[in-house]
Amino acid sequence: MDGPGSGPGPVTVRASRPDRGMRLARLVSAAREGNDDALGQIVTELSPLLWQVARAAGLSSGDAEDVLQTVWMRLVAHLNEIHDSAALTSWLVTTAKREAWRVRAAGRRQLPADQELLAELPDEGPGSEDQVILDDQRRVLWEAIGRLSRRCQDLLRVIAFAPRPDYAVVAAALGMPIGSIGPTRGRCLAKLRALLASGPQGSPR
Amino acid sequence: MMVSDAGGRPSADEPLDDADFGLLDDIRGLFEAADPMPADLPERIRFSLALRDLEVEVARLAAEEDGPVVAARGAEQSRTITFDSESLTIMIRIDANRDGTARVDGWLAPPQRREIEMKTSADSLNVASDDQGRFAFPRVPRGTAQLVVRPAEAGPGGGGRSVVTPALIL
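Residues numbered from 1 in each chain as written. Chains lettered and ligands numbered in written order. Predicted model: local features only at pLDDT ≥ 70, side-chain atom pairs only at ≥ 80, totals over all residues. Heavy atoms only, no water.

(A) Looking closely at the packing of helix H1 (residues 20–32) of chain A against helix H2 (residues 36–56) of chain A. All names here are of chain A. Contact geometry of H1 with H2 gives a least axis separation of 8 Å together with a crossing angle of 140°. Judged on the interaxial angle alone, H2 and H1 are oblique. For the pair H1 and H2, the crossing hand works out as left-handed. Contact with H1, carried on its side by Arg20, Arg23, Leu24, Leu27, Val28, Ala30 and Ala31, involves Ala38, Leu39, Gln41, Ile42, Glu45 and Leu46 of H2 and no other residues of that element. When the residues that make up the contact of H1 with H2 are grouped by side-chain class, the tally is nine nonpolar, one polar and three charged. (Axes fitted to C-alpha atoms, helices over the stretch in contact; angles between N-to-C directions. Helix = DSSP H or I, 4+ residues; strand = E, 2+ residues; numbered from the N terminus. Parallel < 35°, antiparallel > 145°, perpendicular 65-115°, else oblique. Left-handed = near helix turned anticlockwise from the far one by under 90°. Contact = heavy atoms within 4.5 Å. Nonpolar A, V, L, I, M, F, W, Y, C, P; charged D, E, K, R; others polar.)

Put into structure tokens, the structure is as follows:
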């Protein structure tokens, strides 16, 4: 990895992609002009975000798949109204959230009311010593997330999959107040960092 | 310079910094592991978007039920799926054939004659519904499939717009 350790958080495993928004904007205009490959790339890029929106809304995997299919098919009919990355992300998240609520209201195959997703951090099996250290860091973070309010958990979970410049519009699309994240840190992330800094497990270093 | 580290309380009002972005990347990693999107989902979505040039109505999944196991026919469970669009309700029942293919029986409401296409990853099957809105695909290969309900004839009056369902797995 490049760069020094980044503050109090666990090691950053993933290269950041600050140009993601610009890339999406170019893909949107190409898709509007009928470029199927560009549309396909947008699907690949943003489906993981919409998956988290649907799952955070409490849908089963099957229902979440249906919601994603519906959302993308609807997007095609609305492409002409969408001109930049923020509008795209906002439209997709809003539509996914609405569809998810509609499916839930239809009462199909609903998950138990308080599904404890956070109980199940997947075990990736025995690994190298580095892997063990990484696993410890992940567990500390996971437990800290588990101590946040459900609303904060859902917000951070979804935001983590959003293009960086679009955090604020995604938060707004999720019905969170302005300033809940982006450009300022917002309450949820501040709380998480405080938990990580003072948690019983100490600093994950 | 903000002190948002080493015991200092990071404030909610500060701009996002690199530690925040790193944390969000880590959160993404956790949820990718804990609740992964099916890896083939984007591919299936791309499949169903291939129709984008048509002027279509998109039907939404309205209900899905697993039927009782029909032991006598040696079949697996049948599935009944209902799709709603503005103009049309499409209900299909999917049964397993002994040869590994699927049988799909469908009904359109309101009842009407339409041309019905079943797009699969291999090729497309075409049938027509009768006056009662009934149609059947006796043998459909297992895998990704999508229904397209087209106007019966491109005559005066048009017969309505095409309706497509989301892609489903047979």
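(B) Structural detail: helix H4 (residues 85–105) of chain A. Residue and element names in this part refer to chain A. Helix length check: H4 (21 residues) gives 30 Å between terminal C-alpha atoms against 30 Å at 1.5 Å per residue, within 8%. Taken as a whole, H4 has its buried residues at Ser85, Leu88, Thr89, Trp91, Leu92, Val93, Thr95, Ala96, Glu99, Ala100 and Val103. Structurally, the start of H4 carries an N-cap: the backbone nitrogen of Ala86 is 3.2 Å from a side-chain oxygen of Asp84. (Expected span 1.5 Å × (residues − 1). Buried < 20%, exposed > 50% of the residue type's maximum accessible area, 1.4 Å probe, protein only. Polar contact = N/O pair within 3.5 Å; in protein donor to acceptor, adjacent residues only side chain to side chain.)

(C) Just the pairing of strand E6 (residues 114–120) of chain B, in detail. All names here are of chain B. Summarising burial for E6: six of the seven residues are buried, a large majority. As judged from the seven bridges shared by E6 and strand E9 (residues 144–151), these two strands associate in the antiparallel manner. Each residue of the ladder has a partner; that of Thr120, found in E9, is Ala145. Where E6 and strand E7 (residues 124–128) come together, five bridges link them in antiparallel fashion. (Pairing = 2+ DSSP bridges.)

(D) Main features of the interface of chain A and chain B. On the chain B side, the residues contacting the 73 residues of chain A number 50 residues. Together, the buried faces of chain A and chain B total about 5400 Å²; carbon and sulfur atoms form 62% of this surface. Three residues, Gln69(A), Met73(A) and Arg185(A), lead the burial of chain A against chain B; their summed loss comes to 14% of the area buried on that side. Counting across the chain A and chain B interface gives 10 salt bridges. With a closest N to O distance of 2.9 Å, Asp20(B) and Arg185(A) form a salt bridge. Residue assignment for the side of chain A that touches chain B shows that the elements contributing at least two residues are H1, H2, helix H3 (61–78), H4, helix H5 (129–146), helix H6 (150–159) and helix H8 (186–198) of chain A. For the side of chain A that touches chain B, the element with the highest residue contribution is H2(A), accounting for 12 residues. Among the residues forming the side of chain A that touches chain B, the class breakdown is 34 nonpolar, 18 polar and 21 charged. (Buried area = accessible area lost by both parts, 1.4 Å probe. Salt bridge = Lys/Arg side-chain N within 4 Å of Asp/Glu carboxyl O.)

Read these as layout, nothing more, since geometry by itself doesn't imply function.
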